[in-house]
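# Fold and contact review
This is what each chain is made of:
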Amino acid sequence: MKKALVVIGGILAALALVLWVVSWFRTPEAVATAAARPWPGGMGTLDSVAARFPARQANEAAAKLTALANALPKNEAVEDFVGREIARAELTIGTPPTLPDISAMRELLLREPIIWARHGGIGEIGDQATSSRRVVQMTVARSLVANALAKARAQDPAAWEDLHAVWNLARSIEGQPQMMEQTAALAMVRMVNAVAWKLPLPAPGWLGELQQRDPVRPLIDAFQYTAASYWTDGARMFPTKWLADSVEKDRGIAEALFHETQCDVNVPMNDLGTDLSFVWRRAFRYRAEREATANALRMREGKAIEAHSRCSDGAWKLDGTTLRFNRDIATAAPDRPMPLALHVK
């Protein structure tokens, strides 16, 4: 009995020590102060994020598109073909693999608006529903881009309709709060832009809309949503100084991104959630990629290029038949970006 009492006493003492250590590290006031600081661009504080995203039901068009995507056979050759042609700095398009019939998906995206389901307020980051939805979205986008390239190889102007469908798909994601869906939207517009300069002239008007849309702000919005999710859980369970410092660090990253003018950026690793430094590098590089496509299309139309760049660290020049940005902006694998030196003629 005495031995049992000693053991119980030891356990209680250990628990008391743990509770004391936890209480010593808890700094709810510091966490509340960090969360109350507004994020840039009128985004508000972390506790205002949930109200921006009321629950939303998916519409019938989203269900149809999901069913069509899930019916597609798995085909790694499609992804390889798209990646290879994006990375090819030539107007020539290689031989495509056997491609599935995606006409029903294309017509659906051109005819009906897609509304995706959305969890109200702050949901779980990277939940199964969002992950599955992203797979569907990327499968549809790659299949459509592959078909556009195959048609462009045959000089068929209908290739633009496939890319237009991808643009509509990317726009349907704009109201989604999670980073994984906003990175899907970024990947889609980068694919469209990266192959558009190879398609038959003239370019349609909607391409100008795509090139005017900068994805950095939606990504920063998703970044804040991620921070709000971790803050919500942490403030309730373990409001430590580390959490307060992490909230403030990530808000500072967002502030710097909001005012960044360069396209060759190296952003510090965020504290809350998955490291997003590679995402920011791709997003800011995409500003130069859009200019590459616009200038390549100008050259094909017999017009002068626009040497000035919105990237404060770059400019464009024409070296014979090669359009070239004055600096390379490398991205890490598995990214296969369009080159910033294009052989246009």
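Before going into details, it helps to say that this report is about the structure given with it. (Residues numbered from 1 in each chain as written. Predicted model: local features only at pLDDT ≥ 70, side-chain atom pairs only at ≥ 80, totals over all residues. Heavy atoms only, no water.)

It is worth spelling out the state of the cysteines at this point. The tally for this structure, following the rule as stated, stands at one disulfide. The disulfide partner of Cys263 is Cys311, and the gap between their sulfur atoms is 1.9 Å. Disulfide Cys263 to Cys311: torsion about the S-S bond roughly -75 degrees, handedness left-handed. Taken together, the positions of Cys263 in the loop between helix H11 (241-259) and helix H12 (277-300) and Cys311 in the loop between H12 and strand E1 (316-319) put the pair 48 residues apart, joining distant regions of the chain. Taking the relative accessible area as the measure of exposure, Cys263 reaches 0% and is therefore buried. Judged by relative accessible area, Cys311 falls into the buried class, the value being 1%. (Disulfide = S-S within 2.5 Å. Helix = DSSP H or I, 4+ residues; strand = E, 2+ residues; numbered from the N terminus. Buried < 20%, exposed > 50% of the residue type's maximum accessible area, 1.4 Å probe, protein only.)

Tallied over the entire structure, the rule returns 29 salt bridges. Across the pair Glu60 and Lys64 runs a salt bridge whose closest N-O atoms are separated by 3.8 Å. Pair noted here: Glu60 and Lys64 are both in helix H3 (residues 60-70), with a separation of four residues, about one helical turn. What makes Glu60 exposed here is its relative accessible area of 58%. The partner of Lys303 in a salt bridge is Glu301, and the shortest N-O contact between them spans 3.4 Å. Each member of the salt-bridge network shares a partner with another, and the members are Arg190, Arg282, Arg285, Glu289 and Asp335. (Salt bridge = Lys/Arg side-chain N within 4 Å of Asp/Glu carboxyl O.)

The biggest cluster of nonpolar side chains holds 99 residues, and the ones touching the most others in it are Leu65, Val140, Leu163, Met188 and Trp280. When near neighbours in sequence (up to four residues on either side) are disregarded, Leu163 contacts Val145, Ala148, Val192, Val195, Ala196, Leu199 and Trp206. (Core = buried A, V, L, I, M, F, W, Y, C linked by side-chain atoms within 4.5 Å. Contact = heavy atoms within 4.5 Å.)

The subject of this paragraph is helix H4 (residues 76-87). Spanning 12 residues, H4 covers 17 Å between terminal C-alpha atoms, matching the ideal 16 Å at 1.5 Å per step. Every buried residue of H4 is listed here: Val78, Phe81, Val82, Gly83, Glu85 and Ile86. Where the residues of H4 are buried, they touch helix H6 (128-153) and helix H8 (179-196). The opening residue of H4 is Asn75, an N-cap whose side-chain oxygen sits 3.0 Å from the backbone nitrogen of Ala77. (Expected span 1.5 Å × (residues − 1). Polar contact = N/O pair within 3.5 Å; in protein donor to acceptor, adjacent residues only side chain to side chain.)

At a minimum axis distance of 9 Å, the contact between H8 and H12 shows a crossing angle of 25 degrees. With respect to each other, H8 and H12 are oriented roughly parallel. The two elements H8 and H12 cross, and the hand of that crossing is left-handed. Where H8 abuts H12, its residues Met179, Thr183, Leu186, Val189, Arg190, Asn193 and Ala196 lie against Val279, Trp280, Arg282, Ala283, Arg285, Tyr286, Glu289, Arg290, Thr293 and Leu297. Partitioned by chemical class, the residues of the contact of H8 with H12 number nine nonpolar, three polar and five charged. (Axes fitted to C-alpha atoms, helices over the stretch in contact; angles between N-to-C directions. Parallel < 35°, antiparallel > 145°, perpendicular 65-115°, else oblique. Left-handed = near helix turned anticlockwise from the far one by under 90°. Nonpolar A, V, L, I, M, F, W, Y, C, P; charged D, E, K, R; others polar.)

Two numbers describe a pair of aromatic rings. These are the distance of the centres and the angle of the planes. Scanning the entire structure with this criterion turns up five aromatic pairs. Between Phe53 and Tyr225 the ring centres are 5.5 Å apart and the planes differ by 85 degrees, which places this aromatic pair in the edge-to-face class. You can see Phe53 sitting in the loop between helix H2 (28-35) and H3 and its partner Tyr225 sitting in helix H10 (residues 216-237), a full 172 residues away along the chain. Here the two residues Phe53 and Tyr225 agree in accessibility, since each one is buried. Every member of this aromatic cluster is reached through a ring pair, and the members are Trp39, Phe223 and Trp280. (Phe/Tyr/Trp six-rings, centres within 6.5 Å; stacked < 30°, edge-to-face > 60°.)

On to the packing of H4 against H6, then. H6 packs onto H4 with a crossing angle of 60 degrees between their chain directions and a minimal axis gap of 9 Å. As summarised for this structure, H4 and H6 are arranged oblique, according to the angle between their axes. For the element pair H4 and H6, the recorded crossing hand is left-handed. For the pair H4 and H6, the contacting residues are Val78, Glu79, Phe81, Val82 and Glu85 in the first and Arg142, Ser143, Val145, Ala146 and Leu149 in the second. Broken down by class, the residue content of the contact of H4 with H6 amounts to six nonpolar, one polar and three charged.

Across four bridges, E1 lies against strand E2 (residues 322-325) in antiparallel orientation. Opposite Leu318, over in E2, you have Leu323 as the bridge partner. In textbook terms, the turn of a hairpin is the stretch between consecutive antiparallel strands, and for E1 and E2 this stretch comprises two residues, one of which, Gly320, has a positive phi near 70 degrees. Inspection of the sheet shows E2 paired to strand E3 (residues 341-343) by three bridges, in the antiparallel sense. Residue pairing for E3: Arg324 is matched across the bridge by Ala341. (Pairing = 2+ DSSP bridges.)

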